[in-house]
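Descriptive analysis of the structure
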Amino acid sequence: MTSRRLSAENDPIRPDTTSPIAITMDGAVVEGLEGQSIAGVLMGTGMLAWRFTSSANRPRGVFCGIGVCFDCLVTVNGQPDVRACQRRAVAGDTVLSQHDELPVPPGEPR
Ligand code: FES
């Protein structure tokens, strides 16, 4: 899969140069640019899904891209349920994909 990242010199909206950063996603080093969201960094490398639904283990990534749908949840530096589309990536961030189990009603066995 090819990268979807547009180089700064070819970006007609913001042609400023930006500094490269590196984060880890499920243990793999992923490179992005300073100022990108975590979702932007992941999508820039061609990754489209990093969360899996509770009921059918279906892949999810960015759906709304504006912080409304919560489809893009990841764990960042040990903090679960972070919206990847809303969190700016910081060099050295440790990001993990998420799969949450279905909630169990109180009093019922798991
Ligand atoms: S993509 Fe909808 S909240 Fe992030």
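Computed from a predicted model, the values in this text were never measured in an experiment.

**Thoughts on the sheet that holds strand S8 (residues 98-99)**
- Taken together, the three strands give an open sheet; going across it, the order is S4-S3-S8, and neighbouring strands pair in mixed fashion. Looking at the sheet topology across the chains shown, the edges are occupied by strand S4 (59-60) and S8.
- Where strand S3 (residues 51-52) meets S8, two bridges bridge the pair, whose relative direction is parallel. Residue Arg51 lies in a different strand from S8, and its bridge partner there is Gln98.

**With respect to unusual backbone geometry**
- Even without a glycine there, the phi angle at Asp26 is positive, about 50 degrees.
- Structurally, the position occupied by Asp26 is in the loop between strand S1 (20-25) and strand S2 (28-33).
- With phi around 65 degrees, Phe70 is a residue other than glycine that occupies positive phi space.
- Relative to the helices and strands, Phe70 is located in the loop between S4 and strand S5 (73-76).
- You can call Phe70 partly exposed: it has 13 C-beta atoms within 10 Å.

**Description of the environment of Met25**
- Among the secondary structure elements, Met25 is positioned in strand S1.
- The class for Met25 is buried, based on 20 C-beta atoms found within 10 Å.
- Separated by 35 residues in the primary sequence, Met25 and Arg60 have C-alpha atoms spaced 15 Å apart.
- Sequence-distant contacts of Met25, defined by excluding residues within four places in its chain, comprise Val30, Leu42 and Val95.

**Concerning the sheet that holds strand S6 (residues 79-83)**
- On the basis of which strands lie adjacent, the open sheet formed by five strands has the order S2-S1-S7-S5-S6 and mixed pairing. Only two strands of the sheet have a single neighbouring strand rather than two, namely S2 and S6. Strand-to-strand twist in this sheet, taken as the mean axis angle between neighbours without regard to direction, amounts to 40 degrees.

Here is what the cut-offs are and how they apply
All residue numbers here refer to positions counted from 1 along the written sequence of the relevant chain. Per-residue local features of the predicted model are confined to residues with pLDDT of at least 70, and side-chain atom pairs are confined, for both listing and counting, to 80 or more; whole-chain, interface and lining totals are unaffected and use all residues. The pairing criterion is simple: DSSP has to find at least two bridges between the two strands. Each helix corresponds to a stretch of at least 4 residues labelled H or I by DSSP, and each strand to a stretch of at least 2 residues labelled E; elements are numbered beginning at the N terminus. The burial criterion counts other C-beta atoms lying within 10 Å of a residue's C-beta, which is placed from the backbone; the residue is buried at 20 or more, exposed at 12 or fewer, and partly exposed between these limits. A pair of residues counts as a contact when their C-beta atoms, built from backbone coordinates, are separated by no more than 7 Å. For helices, the axis comes from a line fit to the C-alpha atoms of the stretch in contact; other axes are also lines fit to C-alpha atoms, and the angle between any two N-to-C directions lies between 0 and 180 degrees.

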